[in-house]
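Listed below, chain by chain, are the residues.
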Amino acid sequence: MKRRLHFLIHDLGGGGAEAVLVRLVNRLDRTLFDVSVTVLFGGGVRETDLAPDVRFRAVFPRTIPGNRVWMKLLSPAALHRLCVKGRHDALIAFLEGPSARVIAGCPDPDTALVAWIHSTVTADTFARSFRSRDEAVACYGRMDGLVCVSGGVRDAFEAASGLT
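In this report, we go over the structure that sits alongside the text.

Calculation criteria
Residues numbered from 1 in each chain as written. Predicted model: local features only at pLDDT ≥ 70, side-chain atom pairs only at ≥ 80, totals over all residues. Heavy atoms only, no water. Phe/Tyr/Trp six-rings, centres within 6.5 Å; stacked < 30°, edge-to-face > 60°. Helix = DSSP H or I, 4+ residues; strand = E, 2+ residues; numbered from the N terminus. Buried < 20%, exposed > 50% of the residue type's maximum accessible area, 1.4 Å probe, protein only. Contact = heavy atoms within 4.5 Å. Polar contact = N/O pair within 3.5 Å; in protein donor to acceptor, adjacent residues only side chain to side chain.

### Some points on the packing of aromatic side chains
Line of reasoning, step 1. Summed over all chains, the structure comprises seven aromatic pairs.
Line of reasoning, step 2. When the centroid spacing of 5.7 Å and the interplanar angle of 75° are considered together, the rings of Phe126 and Phe157 count as edge-to-face. Here Phe157 lies in helix 6 (residues 151–161) and Phe126 lies in the loop between strand 5 (112–117) and helix 5 (133–141), a separation of 31 residues in the sequence.
Line of reasoning, step 3. For Phe126, a relative accessible area of 4% corresponds to the buried category.
Line of reasoning, step 4. Linked through ring pairs, Phe126, Phe130, Tyr140 and Phe157 together constitute an aromatic cluster.

Set out below in structure tokens:
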């Protein structure tokens, strides 16, 4: 049986992390994995680079000004209900911040939760997309795994979050 992998990212704009995500999902073995990608905000230039058999969904067609503020009004559980459809074996929050907050709201104990940490965070930037530092620590603490792109990124995340 194929494992259902679901990646969530803010958008598929022209950045390096977005390119990494597209390359990763396009290269996953389709005999083993059913792959889907959800973006919070559509219209990114890398959307057309996804393989045709990757399920794609945009929660909103375009970026909404002030989204960082209004997203904090909703709980992680409410964001998850809004953004993630269907059942998955693994949910991967690609990039730190809003995607991790959404994935942390998953109520299914059988779904593996993974946060992909791509950028170097600091104590000042760690909780930027969360209501508070405590909420950020709680959301990342729900993850079954953290994937960091380098040792330096891992060390910075651990120093900023206090998580290991």
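Structure's up, so let's keep going.
### What about the environment of Arg87?
Line of reasoning, step 1. Within the fold, Arg87 resides in the loop between helix 3 (76–83) and strand 4 (90–94).
Line of reasoning, step 2. On the accessibility criterion, Arg87 (53% relative accessible area) is exposed.
Line of reasoning, step 3. Once the C-alpha coordinates of Arg87 and Ala136 are considered, the two residues, 49 residues apart in sequence, prove to be 24 Å apart.
Line of reasoning, step 4. If near-sequence neighbours (up to four positions away) are discounted, Arg87 is found in contact with Arg4 and Asp108.
Line of reasoning, step 5. Engagement of the side chain of Arg87 in a polar contact is seen with the side chain of Asp108, the distance being 3.3 Å.

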